[in-house]
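An overview of the molecular structure
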Amino acid sequence: MRQIPACDTWTVYITVAILARWLTDPSSRDFELDELAVVTGMTGQEWPATRALVEQNLLPLMAASNVRYLQIARRGLHQADGIDILSDSRRPERLHLVGAWTLAHEMFDGGTVPQTAGDRLCSVDCTKCR
């Protein structure tokens, strides 16, 4: 097994499918799972069903494999506001859906909240309006 110095970090954006494969198929990775840290930036916009599925299916796999899981959220609009660490665990049991500052705060402040009911005017094909 290759040795990685503690100061080396890689940022890799992965899907849940890749994470599930790494957790269940050792041949799909070249590292030990206790070397893996998964970080999720909680936006505050996930569905309760997402929480249930992750807590029932993914978190038990991560805990059984001793994967470090960090859940973070922004404290405010500005980078200087910092982040909150909602959870930092090798035995995660709960998915935190909301932190102090959510994507909705950002969207409302910027006036960019998409329509979610009725006519979806934000996604109308304007090329057919001539």
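Before going into details, it helps to say that this report is about the structure given with it. Numbers given to residues run from 1 along each chain, matching the order in which its sequence is written. A pLDDT threshold of at least 70 governs which residues receive local features in this predicted model, and a stricter bar of 80 or more applies before side-chain atom pairs are shown or counted, although totals over entire chains, interfaces and linings include all residues. Side-chain numbers here rest on the full set of heavy atoms in the structure, without hydrogens or water.

This part covers the overall build of the chain. Each helix is a run of DSSP H or I of at least 4 residues and each strand a run of E of at least 2, with the numbering of both proceeding from the N terminus. Across its full length, the chain holds three helices and three strands. Think of it in three bands: with a 1.4 Å probe and only protein chains considered, a residue is buried below 20% of the maximum accessible area for its type, exposed above 50%, and partly exposed in between. Looking at the chain residue by residue over its 130 residues, the buried ones come to 25%. Residue contacts are counted whenever heavy atoms from the two residues lie within 4.5 Å of one another. Partitioning the intrachain contacts of the chain with sequence separation of at least 6 by distance along the chain shows that 62% fall at a separation of at least 24. Residue burial considers only the protein chains on display, and all accessible areas are found by Shrake-Rupley using a 1.4 Å probe. As presented, the chain carries roughly 9400 Å² of accessible surface, and 56% of it is formed by carbon and sulfur atoms.

With that settled, consider the nonpolar core. Leu 19, Leu 23, Leu 36, Val 38, Met 62 and Val 67 are the most contacted members of the largest nonpolar core, which totals 16 residues. Sorting elements by how many residues they give to this core places helix α2 (residues 48–64) first, with four residues. Look past the residues within four positions of Leu 19 in its chain and what remains in contact with it is Ile 14, Leu 36, Val 38, Leu 58 and Met 62. Side-chain atoms within 4.5 Å link the members of a nonpolar core, which is a set of buried Ala, Val, Leu, Ile, Met, Phe, Trp, Tyr and Cys residues.

Next up on the list: the sheet that holds strand β2 (residues 68–74). Picture the strands of a sheet paired through backbone hydrogen bonds; they go either parallel or antiparallel. Should DSSP find at least two bridges between two strands, the strands are taken to pair. Spatial ordering of the open sheet is given by β1-β2-β3, a layout of three strands whose pairing is mixed. Across the chains shown, the open sheet's two edge strands, defined by having one partner strand only, are β1 (37–41) and β3 (83–89). Adjacent strand axes in the sheet meet at a mean angle of 20° when their direction is disregarded. Pairing geometry for β1 and β2, over five bridges, is parallel. Bridging across to β2, Val 38 finds its partner in Tyr 69. Throughout, an axis means a line fitted to C-alpha atoms (over the contacting stretch in the case of helices), and angles, computed between N-to-C directions, take values from 0 to 180 degrees.

Before going further, it helps to spend a moment on the environment of Ile 85. Here Ile 85 lies in strand β3. Note on Ile 85: relative accessible area 54%, which makes it exposed. As for Ile 85 and Arg 75, which are separated by ten residues in sequence, their C-alpha atoms are 9.8 Å apart. Beyond its immediate sequence surroundings of up to four residues, Ile 85 is in contact with Gln 71 and Ile 72.

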